[in-house]
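The chain contents come next:
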Amino acid sequence: MNYEAVVFDLDGTLTDSAPGILRCLEFAFERLGRPAPEERVLRKFLGPPLVRSFMDFCGMSEEEAVRGRDAYLERYHTLGWKENRVFPDIRSLLIALKRAGARLSIATGKQGEASAKIARAFWIDHYFDAVVGTASSDHFAEKKDLITRSLAGFSGKAVMIGDRASDIAAANALGMDSVAVLWGYGGRAELEGANPTYLVESVEELAAVLGTELFHSRGFFISLEGNDGCGKSTQADLLHGSLVCLGFDTVKTREPGGSYVAEKIREILLDRANTGMHDMTEAMLYAAARAQHVRDVIRPALQAGKLVLSDRYVDSSVAYQGAGRGLGMELVARINEPAVDGCLPDLTVLLDIDAQDALRRRERASRADRIEMLDDSFHLSVAQAYHELMQLHADRIRPVNATGTPDEVAGRVLSLVHDRMTEAGLI
Ligand code: TYD
């Protein structure tokens, strides 16, 4: 490592917070009864303290700027802070730096409490020895003072990483090295003008400047399971969105299907016209689609270190064909062994809902496919099979209470994923 301590700016450096910030600014201008300036001007707000920006870019008095800031924060505290994502590769950089023994901190013009909340919600708080933001009464906090505070008690060689000229100017004023990053909001002209020690285009390049290499994660495989009507596809979408925002390179896929040939097999499987299909044919077609899916999509993605999220996987076959169709859970598990070829999920989330509730939800949903149109006793035995599988593979298959609003369920799923990924050393 070329530095013992690394200080990061937050917005535009670690996270892409622009969408949330811009929406909150529009809300604030509406509240002040002023037309919002054009986006070119609004983007100048990304970085410097808010009150200062309202005064400098819109000619407001301090009193009006403080009202603007308060209106902004009203939306920010409820909605805006969540409209954010960790830039790709940033997590791999933070893990690499931490493993190399660097002291990491955040110095941001954002309010301290909001910054700590964001770091926690986006699963990056534990990488940092200090997260320093501003106090709500401190309208004109200087970046260099924030950097100094974030390094309190430390006297080794430190570097500042930021995406705005103000980050670089603060580092220069403190006599520190700095790295300007081009994926944020400053732009090349602004950053070159600020005279940084280094200017980098990618996180990989930043790692090299700091004297390390990005951490190469092993793949992580999550499958989602549950009865028809448990809300699984909604949860798959929500979980996928969250994982992307958390900065994971995520591939979302589904079964039956998920790749070209497998989707062709899916059409045969779900076509209501195929009334003459034997149960064994059905089980083997699901396994055949899976064999293709594993080799085309799942295994290559895991080998590339990605996070794979599959809406249904092998447990669906064991529950639906093994128990629902009555072929026997063990037999169907065995048929699937060569299809799966050892590629099992690290975590299977079972969306657990009362079987009767699931049936009612299913009735309200759109036109049923060949499997969904089966009678209640079929779906009840599927539910029972899932519970047996959960006991058999207690380590891998974890239930999540699937009652409540989609957001409530999504919160439970995410916390399970967090715990399992932490155990696996991937966060
Ligand atoms: P789909 O429209 O994807 O439903 P869902 O949103 O509930 O996943 O259809 C998949 C159907 O196929 C679903 O009813 C479950 C069934 N299925 C099996 O019977 N065996 C399997 O191995 C898989 C993957 C799915």
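Since the model is a prediction, treat every value here as computed from it, not as a measurement.

> For the packing of aromatic side chains, give the residues involved together with the corresponding values.
Per the counting criterion, the structure on display carries nine aromatic pairs. Summarising the aromatic geometry, the rings of tryptophan 123 and phenylalanine 248 are spaced 6.2 Å apart at their centres and angled 65 degrees between planes, so their arrangement reads as edge-to-face. Highlighted residues: tryptophan 123 in the loop between helix H6 (112-121) and strand E5 (130-134) and phenylalanine 248 in the loop between helix H11 (232-245) and strand E10 (250-254), separated in sequence by 125 residues. By the burial criterion, tryptophan 123 is buried, and phenylalanine 248 matches it. Judged by centre distance (5.0 Å) and plane angle (75 degrees), the rings of phenylalanine 221 and tyrosine 313 are edge-to-face. You can see phenylalanine 221 sitting in strand E9 (residues 220-225) and its partner tyrosine 313 sitting in the loop between strand E11 (307-311) and helix H14 (314-324), a full 92 residues away along the chain. For the residue pair phenylalanine 221 and tyrosine 313, the accessibility class agrees, reading buried in each case. Pairwise contacts between aromatic rings join Phe29, Phe45, Phe54 and Phe57 into one cluster.

> Report on a negative patch on the surface, specifying residues and quantitative values.
A contiguous patch of negative charge, built from Asp89, Glu204, Glu205, Glu213 and Asp249, is present on the exposed surface. Relative accessible area serves as the criterion here: at 65%, glutamate 213 is assigned to the exposed category.

> Provide a residue-level description of the packing of helix H13 (residues 279-303) against helix H15 (residues 329-340), including the pertinent values.
Packing of H13 against H15 brings their axes to within 8 Å, and their N-to-C directions diverge by 25 degrees. One finds that H13 runs roughly parallel with respect to H15. Regarding H13 and H15, the two cross each other, and that crossing is right-handed. Residues Met280, Met284, Ala287, Arg290, Ala291, Val294 and Arg295 of H13 lie in contact with H15, whose contacting residues are Leu331, Ile335, Asn336, Pro338, Ala339 and Val340. Split into classes, the residues belonging to the contact of H13 with H15 amount to ten nonpolar, one polar and two charged.

> Give a description of the pattern of salt bridges that names residues and reports values.
Applying the stated criterion to the full structure yields 30 salt bridges. A salt bridge links glutamate 74 to arginine 31; the nearest nitrogen and oxygen atoms lie 2.9 Å apart. Pair noted here: glutamate 74 is in helix H4 (residues 62-78) and arginine 31 is in helix H1 (residues 18-32), with a separation of 43 residues, a long-range link. Exposure remark for arginine 31: the relative accessible area of 48% places this residue in the partly exposed category. Measuring nitrogen to oxygen at the nearest pair gives 3.5 Å for the salt bridge that ties glutamate 192 to arginine 188. Residue glutamate 192 and its partner arginine 188 are both found in helix H9 (residues 188-193); the two are separated by four residues, about one turn of the helix. Overall, the relative accessible area of 47% leaves glutamate 192 in the partly exposed class. Residues joined by salt bridges that share partners form a network here, namely Asp9, Lys143 and Asp167.

> Account for the site of the ligand, naming residues and giving values.
Asp228, Lys232, Arg312, Ser317 and Gln321 are the nearest of the 17 residues found near the ligand. Residue lysine 232 places a side-chain N or O atom 2.9 Å away from an oxygen atom belonging to the ligand. Take arginine 312: an N or O atom from its side chain is 2.6 Å from an oxygen atom of the ligand. Protein burial of the ligand: of its 540 Å² of free accessible surface, 90% is covered by the chains. The set of elements that each furnish at least two residues to the shell around the ligand consists of H11, helix H12 (260-270), H13 and H14.

> Residues and numbers for the sheet that holds E5, please.
Reading across from one edge, E5-E4-E1-E6-E7-E8 is the order of the six strands in this open sheet, with parallel pairing throughout. With partners counted over all chains shown, the strands left at the sheet margins are E5 and strand E8 (198-200), one partner each. Averaged over neighbouring strand pairs, the angle between their axes works out to 20 degrees when direction is ignored. Taken together, the four bridges between strand E4 (residues 103-111) and E5 define a ladder with parallel strand orientation. The residue bridging alanine 107 from the neighbouring strand is valine 132, located in E5. This element, helix H10 (residues 203-210), spans strand E1 (5-8), strand E6 (158-162), strand E7 (177-181) and E8 of the sheet and lies at about 150 degrees to E8.

> Could you give me a rundown of the sheet that holds strand E13 (residues 397-401), with the residues and numbers involved?
Within the open sheet, the five strands sit side by side as E10-E11-E9-E12-E13. Their pairing is parallel. Every other strand in the sheet has two partners, leaving E10 and E13 as the edge strands with one partner each. Across the sheet, the axes of successive neighbouring strands diverge by a mean angle of 20 degrees, strand direction being ignored. Across five bridges, strand E12 (residues 347-352) lies against E13 in parallel orientation. Bridge pairing links threonine 348 to isoleucine 397 in E13. The strands touched by H11 are E9, E10, E11 and E12; relative to E11, the strand with the most contacts, the crossing angle is about 165 degrees. Each of E9, E10 and E11 is contacted by H13, which is oriented at about 160 degrees to E10, the strand it contacts most.

Here is what the cut-offs are and how they apply
- Residues numbered from 1 in each chain as written.
- Predicted model: local features only at pLDDT ≥ 70, side-chain atom pairs only at ≥ 80, totals over all residues.
- Heavy atoms only, no water.
- Phe/Tyr/Trp six-rings, centres within 6.5 Å; stacked < 30°, edge-to-face > 60°.
- Helix = DSSP H or I, 4+ residues; strand = E, 2+ residues; numbered from the N terminus.
- Buried < 20%, exposed > 50% of the residue type's maximum accessible area, 1.4 Å probe, protein only.
- Patch = residues over 30% accessible without salt bridge, like charges linked within 9 Å, V, L, I, M, F, W, Y side chains within 5 Å.
- Areas by Shrake-Rupley, 256 points an atom, 1.4 Å probe, with all protein chains shown as cover.
- Salt bridge = Lys/Arg side-chain N within 4 Å of Asp/Glu carboxyl O.
- Lys, Arg positive; Asp, Glu negative; His and termini not counted.
- Charge placed at Lys NZ, Arg CZ, Asp CG, Glu CD.
- Axes fitted to C-alpha atoms, helices over the stretch in contact; angles between N-to-C directions.
- Parallel < 35°, antiparallel > 145°, perpendicular 65-115°, else oblique.
- Left-handed = near helix turned anticlockwise from the far one by under 90°.
- Contact = heavy atoms within 4.5 Å.
- Nonpolar A, V, L, I, M, F, W, Y, C, P; charged D, E, K, R; others polar.
- Near = heavy atom within 4 Å.
- Polar contact = N/O pair within 3.5 Å; in protein donor to acceptor, adjacent residues only side chain to side chain.
- Pairing = 2+ DSSP bridges.

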